[in-house]
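Residues per chain are reported as follows:
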Amino acid sequence: CSVLNGGNVWFFGGGAQYPAGYLVSGVRSMLIPSQLSPFSPQSIAPLGVSERRRGLAQEKMTENGVFSRDKVLTIDTMNPRVKNVEYAVRGPIVQRAMQIEKELREGLKKPFTEVIKANIGDAHAMGQQPITFFRQVLALCSYPELLNENMFPEDAKNRARRILHACGGGSVGAYSASQGIDCVRQDVACYIERRDGGVPCDPDNVYLTTGASDGIVTMLKLLVCGEGASRTGVMISIPQYPLYSAALAELGAVQVNYYLNEEKCWSMDLSELESSLAEARKHCNPKALCIINPGNPTGQVQSRQCIEDVIRFAAKERLFLMADEVYQDNVYAEGCQFHSFKKVLFELGPEYSDNVELASFHSTSKCYMGECGFRGGYMEVINMDAEVQAQLSKLVSVRLCPPVPGQALMDLVVNSPQPGEPSHITFMKERTATLSLLAEKAKLTEQILNTVPGITCNPVQGAMYSFPNISLPEKSIKEAKALGQAPDMFYCMNLLEETGICLVPGSGFGQKDGTYHFRMTILPPTDKLKILLAKVKEFHQKFTQQYS
């Protein structure tokens, strides 16, 4: 028999498809024992927690007697590894900063008139101007009709024609080869050879990527395997760029921390590497060592001796090296110099250059370019097993290809205007001005922060960030913990609410227990950077007084 109930037709009885004594809802195809009759919303029991966690949909009766279906994908049924992913650079502080910006637009009164975001290395968002030559060529590639105009220099047109000729249908809107456009990879290989004093580079070992992050995550995917004590461990520096911890959490790898030496300007300490590795081998299988040089968030530039020590350590312990070198042009401090891991590796001789496995990464997002939105980058692999490299090529083919405009931009970075070409003088002037200004702001940041009692800032030798140590009163630490917050998160959130300055707490990058930091970029325009630093100074003094 059938019963009409709240707009739903219910069939009561048995048959070949459903056993006798069950009610079958035409709406939700669910078997209900007939002894639950007479019908009422209360008589229909929802699925229990165990059913829900097995992925079965739970249904609820609404006020008008219609059943609503719960989501298939819930916080209980989603991939649990994703819930372990954290990315402090765009975390709660930044979300609150965006809310405050909205409140300011709506006319809400604050003790400040704007939010100054110093949380992320987004150069153009902070006012840095793009390089003219790069944008000219990209404009020509995007709209080839402009090649017929006289407003562009001939070298820009020649670069655009070469790139377009290598694109399917002569358009940057076409897919490229998964590994990247051939002529761009060849240009990258030539650039690496020039940079490294003639050390050979095979274009077949170059992979164009969607920013450096894409290459880093791809390599980690290849490295991670095993379960339990055999699970892959990956050594990362602390403080670290949160991409690494986030990717390792998503992949289910074991994060193996090694601490940089803050007292020695965030240098790497060989004894720290050794002790960290020994401890990790008790519970996982460490297979890779990641280095960021110049450093993010710490702004250090590692010495050549340090890089030699790391390479020898990796060779001795059979570790795959991953060298994140996206800030290689951002070196400011006197006496500091960028040394690529590949160059040092080959200068150590065949014992190392023929055996140590290395992947190095570069990007269009940093240095003097700051072209974050184009998502251009590359990685080069050295001494990779041939069968693994075939798997790498398969893996990158799954994402079809990196953005072609980003590949074009990467080509311009590694194949910039040369002496005698029409654009060379302007290019060098813009490049030099950008890097010189960053060097000035690095020095300014260090100097002003070190005038604040309770703040200690190491020299910003390179990259785009300072990572000062902040002394926090015990009372503020207790209040933060009572609120379930890290003490430096509490500090940065108060800074945001009172001054409109958005920084990232050091706890989002990792730090030694009992120490507190924040990361701030040096990218804001000089006048705004001075305002930012003055506000930080004033706030820190007030905060210290308030909680003392």
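Look above for the structure.
The notes below deal with the structure included here. For clarity, every value in this text was computed on a predicted model and none was experimentally measured.

Calculation criteria
- Residues numbered from 1 in each chain as written.
- Predicted model: local features only at pLDDT ≥ 70, side-chain atom pairs only at ≥ 80, totals over all residues.
- Heavy atoms only, no water.
- Phe/Tyr/Trp six-rings, centres within 6.5 Å; stacked < 30°, edge-to-face > 60°.
- Helix = DSSP H or I, 4+ residues; strand = E, 2+ residues; numbered from the N terminus.
- Buried < 20%, exposed > 50% of the residue type's maximum accessible area, 1.4 Å probe, protein only.
- Lys NZ or Arg CZ within 6 Å of the ring centre and 35° of its normal.
- Salt bridge = Lys/Arg side-chain N within 4 Å of Asp/Glu carboxyl O.
- Pairing = 2+ DSSP bridges.
- Axes fitted to C-alpha atoms, helices over the stretch in contact; angles between N-to-C directions.
- Contact = heavy atoms within 4.5 Å.
- Core = buried A, V, L, I, M, F, W, Y, C linked by side-chain atoms within 4.5 Å.
- Polar contact = N/O pair within 3.5 Å; in protein donor to acceptor, adjacent residues only side chain to side chain.

A few words now on the packing of aromatic side chains. Under the criterion given, the structure shown has 13 aromatic pairs. Measuring from ring centre to ring centre gives 6.2 Å for F134 and Y368, while their planes differ by 40°; the resulting arrangement is tilted. In this pair, F134 sits in helix α4 (residues 132–142) while Y368 sits in the loop between β13 (358–363) and β14 (377–382), placing the two residues 234 residues apart along the sequence. The class for F134 is buried, based on a relative accessible area of 0%. Measuring from centroid to centroid gives 6.0 Å for Y368 and F427, while their planes differ by 80°, and the two rings are edge-to-face. Here Y368 is found in the loop between β13 and β14, whereas its partner F427 is found in helix α15 (residues 424–449), with 59 residues between them in sequence. Take Y368 and F427: they sit in the same class, and that class is buried. An aromatic cluster of three or more residues is present, and its members are F490, Y491, F518, F539, F543 and Y547. Between K342 and the ring centre of F346, over which it is positioned, the NZ or CZ distance is 5.8 Å.

What follows concerns the pattern of salt bridges. Evaluation of the coordinates by the stated rule reveals 21 salt bridges. Here R399 and D214 are joined by a salt bridge, their closest N and O atoms 3.4 Å apart. With R399 in the loop between α13 (386–398) and α14 (404–414) and D214 in helix α7 (residues 211–223), the pair connects residues that are 185 residues apart, well separated along the chain. Through salt bridges with shared partners, a single ionic network connects R96, E103, K110 and E497.

As summarised here, the arrangement of the seven strands in space is β8-β14-β13-β12-β11-β9-β10, forming an open sheet in which the pairing is mixed. Pairing within the sheet leaves two strands with one partner each, and these edge strands are β8 (206–209) and β10 (254–259). This sheet shows a mean twist of 25° between the axes of neighbouring strands, independent of strand direction. As defined by bridge partners, β8 adjoins β14 across four bridges and the pair is classed as antiparallel. What sits directly across from T209, in β14, is G377.

Within the fold, V536 resides in helix α18 (residues 526–546). In contact with V536, not counting residues within four places along its chain, are L449, I455, L495, I501, L503 and F518.

Let's shift gears to the environment of Y175. Positionally, Y175 belongs in the loop between α5 (154–165) and α6 (182–195). Separated by 229 residues in sequence, Y175 and V404 have C-alpha atoms that sit 7.2 Å apart. Not counting residues up to four positions away in its chain, the partners in contact with Y175 are L400 and C401.

Our focus in this paragraph is the nonpolar core. Counting residues in each nonpolar core, the largest one holds 81 residues, and the members touching the most others are F134, V188, M219, M322 and Y368. When residues of this core are assigned to their parent elements, the largest contribution, seven residues, is made by α14. Apart from the residues within four sequence positions on either side, V188 is in contact with V206, L208, Y378, M410 and V414. The next biggest cluster of nonpolar side chains, apart from the first, holds 37 residues, and it includes F112, I470, Y516 and F539.

Let us now look at the pairing of strand β20 (residues 518–521). Going residue by residue along β20, you find F518 and M520 tucked away on one face and R519 and T521 tucked away on the opposite face as well. Summarising the sheet, strand β16 (residues 465–466) and β20 pair through two bridges and their orientation is antiparallel. What sits directly across from S466, in β20, is M520. For strand β19 (residues 504–505) and β20, the ladder comprises two bridges, and the chain directions are antiparallel. Following the sheet pairing, P505 is matched in β20 by F518.

This next bit is on the side chain of D214. For D214, a relative accessible area of 18% gives the class buried. Side-chain polar atoms of D214 contact the backbone nitrogen of T210, separated by 3.0 Å. The contacts of D214, once residues within four sequence positions are left out, are T209 and R399.

The next thing to look at is the sheet that holds β16. Read across the sheet, three strands follow the order β16-β20-β19 without closing on themselves; strand pairing throughout is antiparallel. Edge positions in the open sheet fall to β16 and β19, since each of these has one partner strand only.

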